[in-house]
Amino acid sequence: KHAEAHHRVLLHELQHRVKNIIATVSALAGRTLRPDLSLAEFVHAFQGRLRGMARTHELLSRSNWAGAPLGDLVESTLRSLVSLEPGGFSAKGPEVLLTPSAAATLGMVIYELATNAGKYGALSQPSGRLDVAWQLVGPVQGGRVELVWTESGGREVVRDLTPGFGLSFITRSIEYEMQGKAERGPAPGGLRWTIEFPAAQNVQRS
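Here is what the cut-offs are and how they apply
Residues numbered from 1 in each chain as written. Predicted model: local features only at pLDDT ≥ 70, side-chain atom pairs only at ≥ 80, totals over all residues. Heavy atoms only, no water. Helix = DSSP H or I, 4+ residues; strand = E, 2+ residues; numbered from the N terminus. Contact = heavy atoms within 4.5 Å. Areas by Shrake-Rupley, 256 points an atom, 1.4 Å probe, with all protein chains shown as cover. pLDDT = per-residue confidence, 0-100. Buried < 20%, exposed > 50% of the residue type's maximum accessible area, 1.4 Å probe, protein only. Polar contact = N/O pair within 3.5 Å; in protein donor to acceptor, adjacent residues only side chain to side chain. Pairing = 2+ DSSP bridges. Axes fitted to C-alpha atoms, helices over the stretch in contact; angles between N-to-C directions. Arc of directions from axis to C-beta.

Undergrad: How should I be thinking about the overall build of the protein chain in this particular structure?
TA: Looking only at helices and strands, the protein chain has 5 helices and 8 strands in total. Within the protein chain, residue pairs in contact and separated by at least 24 positions form 70% of the contacts whose partners lie at least 6 positions apart. As displayed, the protein chain offers around 11200 Å² of accessible surface, 55% of which is attributable to carbon and sulfur atoms.

Undergrad: Please clarify how the confidence of the model for the protein chain should be interpreted in this entry.
TA: One rule of thumb: low pLDDT means the predicted coordinates there are not for detailed reading. Within the protein chain, residue pLDDT values average 78, and 72% of them lie at 70 or more. Here helix α1 (residues 2–32) is the element of the protein chain with the lowest mean pLDDT, 65, and strand β5 (residues 144–152) is the one with the highest, 93.

Undergrad: Which parts of the structure should I look at to understand the environment of A54?
TA: Turning to its location among the elements, A54 is positioned in helix α2 (residues 39–62). Judged by its relative accessible area of 44%, A54 is partly exposed. When the C-alpha atoms of A54 and A104 are compared, they prove to be 9.4 Å apart, with 50 residues separating the residues in sequence.

Undergrad: I would appreciate a short explanation of the side chain of S90 in the present structure.
TA: Its place among the elements puts S90 in strand β2 (residues 89–92). By relative accessible area, S90 is classed as buried at 18%. A distance of 2.6 Å separates a polar atom in the side chain of S90 from a polar atom in the side chain of D131. Beyond its immediate sequence surroundings of up to four residues, S90 is in contact with R129, L130, D131 and V132.

Undergrad: Explain the sheet that holds strand β7 (residues 190–198) to me, please; I cannot follow it from the model alone.
TA: Across the sheet, 5 strands lie side by side as β2-β4-β5-β7-β6; this open sheet has mixed pairing. Only two strands of the sheet have a single neighbouring strand rather than two, namely β2 and β6 (181–187). Averaged over all neighbouring strand pairs, the angle between strand axes comes to 10°, with direction disregarded. In terms of strand pairing, β2 meets strand β4 (residues 129–137) through 4 bridges, oriented parallel. Of the residues in β4, the one forming a bridge with S90 is D131. Across the sheet, helix α3 (residues 70–79) lies against β2, β4 and β5, angled at about 165° from β4, the strand it touches most. Contacting β5 and β7, helix α4 (residues 100–120) crosses the sheet at an angle of about 15° to β5.

Undergrad: Could you clarify how one ought to interpret α3 in this entry?
TA: The α-helix winds at 3.6 residues per turn, so residues separated by three or four positions along the chain end up facing the same way. Listing the buried residues of α3 in full gives L70, G71, L73, V74, T77 and L78. Each buried residue of α3 lies within a common arc of 165° when the element is viewed along its axis, so the set occupies one face.

Undergrad: So what exactly am I meant to see when it comes to the pairing of β4 here?
TA: Two faces, one strand: in a regular strand the side chains alternate between the faces of the sheet. Note that β4 and β5 share 9 bridges and pair antiparallel. Paired with V132 across the strands is W149, a residue of β5.

Undergrad: So what exactly am I meant to see when it comes to the environment of E75 here?
TA: Here E75 is to be found in helix α3. Along the primary structure E75 and I110 are separated by 35 residues, whereas in three dimensions their C-alpha atoms are 9.8 Å apart.

Listed below in structure tokens is the structure:
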């Protein structure tokens, strides 16, 4: 009986995850499809976002969906996308274990940040540099995580950059799914993003 009950719990959990994945894929498809995109451009953008989601899920599966370290999430996502000169990339901060939900959201956000940087910012130039730093302010209960994404050495980004899917996805995801905020501004040779979210519902432990 104990084994059967455990099996039912696992099956219910699997069904819940599959439903979430299907909903996420459906939302990505709907948001990626735009009238100004050709079929080839849509396929390229959509497949890229699916690969970004898959990398985060792979990281979570290593811990049996117990959570994902923020540092591993940043590095695994960026190393698969970023092509910079040696020493042109840094990611540093304390150990922070994100909940599965927060890791899935933030993994997609980091993917969009890197994609946009490749189109408009530092990652569009071989000499560009990217620095990602985070810190936990206060205790897990009642505290918050602050992550700063800073680009340099790339093309100057216009101040009135029209938000596309990627930029809108970043702000909406942090605000609505993590109850935080994401603010961007121009930096010399790229963009600077400041992302902040409460630790209470997004962090397992630090």
